[in-house]
Amino acid sequence: MLMCNTLRRTAIVFVVAIEALTYRAWPSPYTMVATVLSVYGALHAARGDLMYHPRGYAVAFLANISSSVYLVMVRPVRDRLKLSNLQLQFLNTLFIVPVLLVVVAIAPPLSPLNALSAPGARPLDASFLFLFLASCLLAMTITHATYVSTTINSAVTHVIAALVKDGVLLFVSFMLDGHQGRANGTIVGVLLSLLGSVVYGTGKIVQSIYDAKTKSQASASSKAPEANVPSSKKTD
């Protein structure tokens, strides 16, 4: 699980690359610094669990690439089709359900029905039903929050801001088993990733202030010549 989480944290590299290719814009220096810190922080946190499995790595990187394309393209597609976030979420669910059914049909080991029919499984248990419905609600909430976030922010901003949840996960993991997290260097790794988020946020604030100042100066300079033009008078 730790290795999977580490590989998923490298998604920011794919988002930065795909966004640069899509919009033909080189990422800013603070974006590059934040990317390096975030990825290095993830690797540092998982340095005690760097197990290599070709299939696992392939699945993780495939998930990174697909989710990165999804995050970068969701905003232009939504704007082009003039859809609301709820409409986009409905269409996304409508199209993904047949795909999941096909995957379950051709890959039986991935089918959740196997888990439900396993010995000792109780699919009608109240606690199971509660957790199942809660996970469905959480998935819908996360998807909608992603659409809202990409409406306001870029895909890179969304991915970097999502690293903040690692701090919450770190706190929860310490409540359950603090020694394991401390032994694997999770604290330093998560703090490095959070530092990357701070660097990116600071860079965005500085850039917005600079852009506002430049726009104000340009507006003032464009009005200055008009003020110096003498007013013409009519002569009979």
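Since this is a predicted model, take the numbers as computed values, not measurements. (Residues numbered from 1 in each chain as written. Predicted model: local features only at pLDDT ≥ 70, side-chain atom pairs only at ≥ 80, totals over all residues. Heavy atoms only, no water.)

(A) Local environment of helix α7 (residues 126–152). The end-to-end C-alpha distance of α7 is 39 Å, a good match for the 39 Å that 27 residues give at a rise of 1.5 Å each. Among all positions in α7, only T146, Y147, S149 and T150 are buried. Close packing links the buried residues of α7 with α4 (54–81), α5 (85–106) and α8 (155–162). (Helix = DSSP H or I, 4+ residues; strand = E, 2+ residues; numbered from the N terminus. Expected span 1.5 Å × (residues − 1). Buried < 20%, exposed > 50% of the residue type's maximum accessible area, 1.4 Å probe, protein only. Contact = heavy atoms within 4.5 Å.)

(B) Representation of the packing of helix α2 (residues 11–23) against α8. Closest axis-to-axis distance for the α2/α8 pair is 9 Å, and the angle between their directions is 170°. Comparing the axis directions of α2 and α8 gives the class roughly antiparallel. Only A155, V156, V159 and I160 of α8 make contact with α2, whose side of the interface consists of I12, V15, V16 and E19. (Axes fitted to C-alpha atoms, helices over the stretch in contact; angles between N-to-C directions. Parallel < 35°, antiparallel > 145°, perpendicular 65-115°, else oblique.)

(C) The packing of aromatic side chains, seen in detail. This model, assessed by the stated rule, comprises three aromatic pairs. Measuring from ring centre to ring centre gives 6.3 Å for Y70 and Y147, while their planes differ by 50°; the resulting arrangement is tilted. Taken together, the residues Y70 in helix α4 and Y147 in helix α7 connect sequence positions 77 residues apart. On the basis of relative accessible area, Y70 is assigned to the partly exposed category, the value being 34%. In this structure Y147 comes out as buried when scored by relative accessible area, which is 1%. (Phe/Tyr/Trp six-rings, centres within 6.5 Å; stacked < 30°, edge-to-face > 60°.)

(D) Representation of the nonpolar core in the model. Judged by nonpolar contacts, the single largest core of 14 residues is most densely connected at I12, V15, V156, I160 and Y200. Broken down by secondary-structure element, the contributors of at least two residues to this core are α2, α3 (29–45), α4 and α8. Setting aside residues up to four positions removed in sequence, V156 forms contacts with V15, V16, E19, T31 and Y200. (Core = buried A, V, L, I, M, F, W, Y, C linked by side-chain atoms within 4.5 Å.)

(E) How the structure looks around α5. Along its 22 residues, α5 runs 32 Å from first to last C-alpha, staying within 8% of the 32 Å computed at 1.5 Å per residue. Among the residues of α5, those classed as buried are N85, L88 and Q89. Buried positions along α5 lie against α4 and α7.

(F) Region of interest: the side chain of T146. Along the chain, T146 falls in helix α7. Residues within four places of T146 in sequence aside, it is in contact with L71 and H158.

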